[in-house]
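So you can see what is in the structure, the chains are spelled out below.
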Amino acid sequence: MGERDEPGTIGRRVQQLRVARGLTQKQLAEPVYTPAYISTLEAGRVRPSDDALRHLAERLGVEFDELATGRSARRVTELRLRLTEAQRALAVGEAESAVEQYTALLAEAEAQELAEEQAAALLGLGECALDTGELADGRRYFEEAEARLADAPLPARVPALRGRAVAHYLAGELRYAVYLLESTIDELNRGGLHDPDALLLLYASVIGPYMDMGAHARAAQAAEFALALAPQSGDPALVARMHRSVARTLLAEGRLAEADASLAKAAELYRGLQLRTELANCHWMRGYVYAQNGELERAEAEMREALHMLSATRATLYSSQLTVELADVLHRRGRSEEAAELLRDVLGGLSPERGAVHAAAAHRLLGIIAEDARDTDRAEEHYVRALSLLERAGAAGDLADLCRLLGDLLRRTGRVEAALDAYRTGLGHRTAPGTTTLGPAPAQPPV
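What counts as what
- Residues numbered from 1 in each chain as written.
- Predicted model: local features only at pLDDT ≥ 70, side-chain atom pairs only at ≥ 80, totals over all residues.
- Heavy atoms only, no water.
- Helix = DSSP H or I, 4+ residues; strand = E, 2+ residues; numbered from the N terminus.
- Buried < 20%, exposed > 50% of the residue type's maximum accessible area, 1.4 Å probe, protein only.
- Contact = heavy atoms within 4.5 Å.
- Areas by Shrake-Rupley, 256 points an atom, 1.4 Å probe, with all protein chains shown as cover.
- Phe/Tyr/Trp six-rings, centres within 6.5 Å; stacked < 30°, edge-to-face > 60°.
- Lys NZ or Arg CZ within 6 Å of the ring centre and 35° of its normal.
- Polar contact = N/O pair within 3.5 Å; in protein donor to acceptor, adjacent residues only side chain to side chain.
- Expected span 1.5 Å × (residues − 1).
- Core = buried A, V, L, I, M, F, W, Y, C linked by side-chain atoms within 4.5 Å.
- Axes fitted to C-alpha atoms, helices over the stretch in contact; angles between N-to-C directions.
- Parallel < 35°, antiparallel > 145°, perpendicular 65-115°, else oblique.
- Left-handed = near helix turned anticlockwise from the far one by under 90°.
- Nonpolar A, V, L, I, M, F, W, Y, C, P; charged D, E, K, R; others polar.
- Salt bridge = Lys/Arg side-chain N within 4 Å of Asp/Glu carboxyl O.

Student: Is there a simple way to think about the overall build of the protein chain in this case?
Tutor: Counting its regular elements, the protein chain contains 23 helices and zero strands. Looking at the 447 residues of the protein chain, the share that counts as buried comes to 52%. Summarising the internal contacts of the protein chain: among those between residues at least 6 apart in sequence, 61% fall at separations of at least 24. Summed over its atoms, the accessible surface of the protein chain is roughly 20,300 Å², and 49% of this surface lies on carbon and sulfur atoms.

What follows is the structure, encoded as structure tokens:
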């Protein structure tokens, strides 16, 4: 049998249950034991045998585990079922309901001292926080989940580690996000802990930060590994997320049709699973594919559909990021005033700590719109703000492009030396394409 409580604790539990049921010591003891034995047991002066506990549990109408440990196996199962219900609520975009459910479940899991279930509830709260853009709260929940699982094998801690990395990524801390993901991948692979779901989750999650840092070679490699791992995964939601992430690397390589096909697979899976937020992200990425291919009308339709879905789920941070990309499409369609209005509205919800890369993209586009209107002072102001945000985030590819825009503006206004400085800054971020500043890539998985 597993661990059980001390005799004194068991004795008090037996007494409380007996009194609550209106039984005498004699009634509880019969027909196998004596009232004297029950009295001694309740006083904590004897360690009951398994047979004795089974007899008492039957007489008291409880399970053996509940009497021995204070935890009911049935209640644990019910708790896990309710955790699944909360996970589904979050998956279909009912974030407020999910928060209420996870909060109640966390309290119950703590009362029953169930570390695994506590971690699951904290993970859920962390994911809710990511959806609503409360990144500091999300990091705290993920850190607490890791703490609850401190003694668990690394694969069990991967969702919490990945959540923390995503929170840092969304906050614009790209290098630290990549560090967390790469070091976890490395530890799994070097330690021979080949867990397909854990590795797939990590490889799919690291693609976005790689792309924003300009590390396209590593992003492509991560996508290759993710695709190789996908057939081994039993989690369709995870496979769908992988297809969406892989699409980003296909885009970088100009393989637009393949990217669209990958996103279509993800969308099909998400529809079946009713994962509204992730399905919205698929529409978002398909819109991006169309925009890259010059199909701006289709791009706008896909992005507006995604924005409608994200607004319904109150995924505010993702909505803000998508609005920036929609504004770019509108600008390219000749609707610059409408684009600028969207960008000014959305900048209130973005900051260096909350969506730095997309805040920089908003300032970049506002700078371009200002240049088109021959307002060079305002254009320069937006470019400089974007430059500061991108330097903090370490988004090398975007930073190099922005330095070119700023340099061209400075050169046209006669500030040649300042323009050269801007160009040099941009070139400095192009010196090592396809790499990060984090050293060698992590060990490869045995796939």
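Student: Whenever I open this one, the environment of Arg 248 confuses me. Can you help?
Tutor: With respect to the helices and strands, Arg 248 occurs in helix α14 (residues 236-252). For Arg 248, a relative accessible area of 22% puts it in the partly exposed group. Sequence spacing of Arg 248 and Asp 260 is twelve residues, and the spatial spacing of their C-alpha atoms is 10.0 Å. Apart from residues no more than four positions distant in its own chain, Arg 248 is found in contact with Tyr 169, Ile 207, Gly 208, Met 211, Asp 212 and Met 285.

Student: Explain the packing of aromatic side chains here, please?
Tutor: Here a ring pair, both rings aromatic, is described through the centre-centre distance and the interplanar angle of the planes. Taken as a whole, this structure holds three aromatic pairs when the rule is applied. On the numbers, 5.9 Å between centres and 25° between planes, the contact of Tyr 176 with Tyr 179 is stacked. Of this pair, Tyr 176 and Tyr 179 are both found in helix α11 (residues 174-190), three residues apart, which corresponds to roughly one turn of the helix. Both rings, one in Tyr 203 and one in Phe 225, keep their centres 5.3 Å apart while their planes meet at 55°; by these two values the pair is tilted. Of the two residues, Tyr 203 is situated in helix α12 (residues 196-213) and Phe 225 in helix α13 (residues 216-229); the sequence distance between them amounts to 22 residues. According to the relative accessible area criterion, Phe 225 is buried, its value standing at 9%. Here Arg 54 stacks its cationic end above the ring of Phe 64, 5.4 Å away from the centre of that ring. It is Arg 140 that lies over the ring of Tyr 141; its NZ or CZ is 4.7 Å from the centre.

Student: Which parts of the structure should I look at to understand the environment of Tyr 210?
Tutor: By the element assignment, Tyr 210 lies in helix α12. A relative accessible area of 3% means that Tyr 210 is categorised as buried. Sequence spacing of Tyr 210 and Ala 177 is 33 residues, and the spatial spacing of their C-alpha atoms is 9.6 Å. A polar contact of 2.4 Å, which involves the side chain of Tyr 210, links it to the side chain of Glu 182.

Student: Help me understand helix α20 (residues 356-372), please; the structure alone is not making it clear to me.
Tutor: One full turn of an α-helix is made of 3.6 residues, so residues set three or four places apart face in the same direction. For α20, which comprises 17 residues, the first-to-last C-alpha distance of 24 Å matches the rise-based estimate of 24 Å (1.5 Å per residue) to within 8%. For α20, the buried fraction is high: 14 of the 17 residues fall into the buried class. Where α20 ends, the next residue or the one after it, Arg 374, has phi of about 65°, a positive value.

Student: Honestly, the nonpolar core in this entry has me stumped. Any pointers?
Tutor: Among soluble globular proteins, nonpolar side chains are generally buried collectively. Counting residues in hydrophobic clusters, the biggest one holds 126 residues, and the most contacted among them are Tyr 102, Leu 170, Tyr 203, Met 242, Leu 343 and Tyr 383. Looking at which element gives the most residues to this core, the answer is α12, with twelve residues. Setting aside chain neighbours within four positions, we find Leu 170 in contact with Leu 130, Leu 135, Leu 317, Tyr 318, Gln 321, Arg 354, Gly 355 and Ala 356. In terms of nonpolar packing, the next biggest core, distinct from the first, is built from 15 residues, Leu 41, Leu 53, Leu 56 and Ala 57 among them.

Student: Hey, could you run me through the environment of Ala 419 in this one?
Tutor: Structurally, the position occupied by Ala 419 is in helix α23 (residues 416-428). Relative accessible area serves as the criterion here: at 2%, Ala 419 is assigned to the buried category. Ignoring sequence-local partners within four residues, the contact set of Ala 419 consists of Gly 407, Leu 410 and Arg 411.

Student: I would appreciate a short explanation of the packing of helix α18 (residues 316-332) against α20 in the present structure.
Tutor: The geometry of a pair of packed helices is captured by two quantities: the angle between their axes and the separation between those axes. Their axes nearest at 9 Å, the elements α18 and α20 cross at an angle of 20°. With respect to each other, α18 and α20 are oriented roughly parallel. The hand of the α18/α20 crossing is left-handed. Only His 358, Ala 361, Ala 362, Leu 365, Ile 368, Ile 369 and Asp 372 of α20 make contact with α18, whose side of the interface consists of Gln 321, Val 324, Glu 325, Ala 327, Asp 328 and His 331. Class assignment for the residues of the contact of α18 with α20 results in seven nonpolar, three polar and three charged.

Student: What is the right way to look at the pattern of salt bridges in this model?
Tutor: Oppositely charged side chains are able to pair whenever their charged atoms sit close together. For the structure shown, the criterion picks out 29 salt bridges. A salt bridge links Arg 335 to Glu 300, with the shortest nitrogen-to-oxygen separation between them at 2.9 Å. Of this pair, Arg 335 sits in the loop between α18 and α19 (336-347) while Glu 300 sits in helix α17 (residues 296-312), and the two are 35 residues apart along the sequence. Residue Arg 335 is classed as partly exposed on the basis of its relative accessible area, which comes to 27%. The closest approach of N and O atoms between Arg 412 and Glu 371, which form a salt bridge, is 2.1 Å. Residue Arg 412 is located in helix α22 (residues 396-412), and its partner Glu 371 is located in helix α20; the two are separated by 41 residues in the primary sequence. According to the relative accessible area criterion, Glu 371 is buried, its value standing at 19%. Each of Glu 300, Arg 304, Arg 333, Arg 335 and Glu 338 takes part in salt bridges that share partners, so that together they form one network.

Student: Honestly, the packing of α11 against α12 in this entry has me stumped. Any pointers?
Tutor: α12 packs onto α11 with a crossing angle of 150° between their chain directions and a minimal axis gap of 9 Å. Between α11 and α12, the interaxial angle falls into the category roughly antiparallel. Crossing angle aside, the handedness with which α11 passes α12 is left-handed. Taking contact as the criterion, the partners of Leu 174, Arg 175, Val 178, Leu 181, Glu 182, Thr 184, Ile 185, Leu 188 and Asn 189 in α11 are, on α12, Ala 198, Leu 199, Leu 202, Tyr 203, Ser 205, Val 206, Pro 209, Tyr 210, Asp 212 and Met 213.

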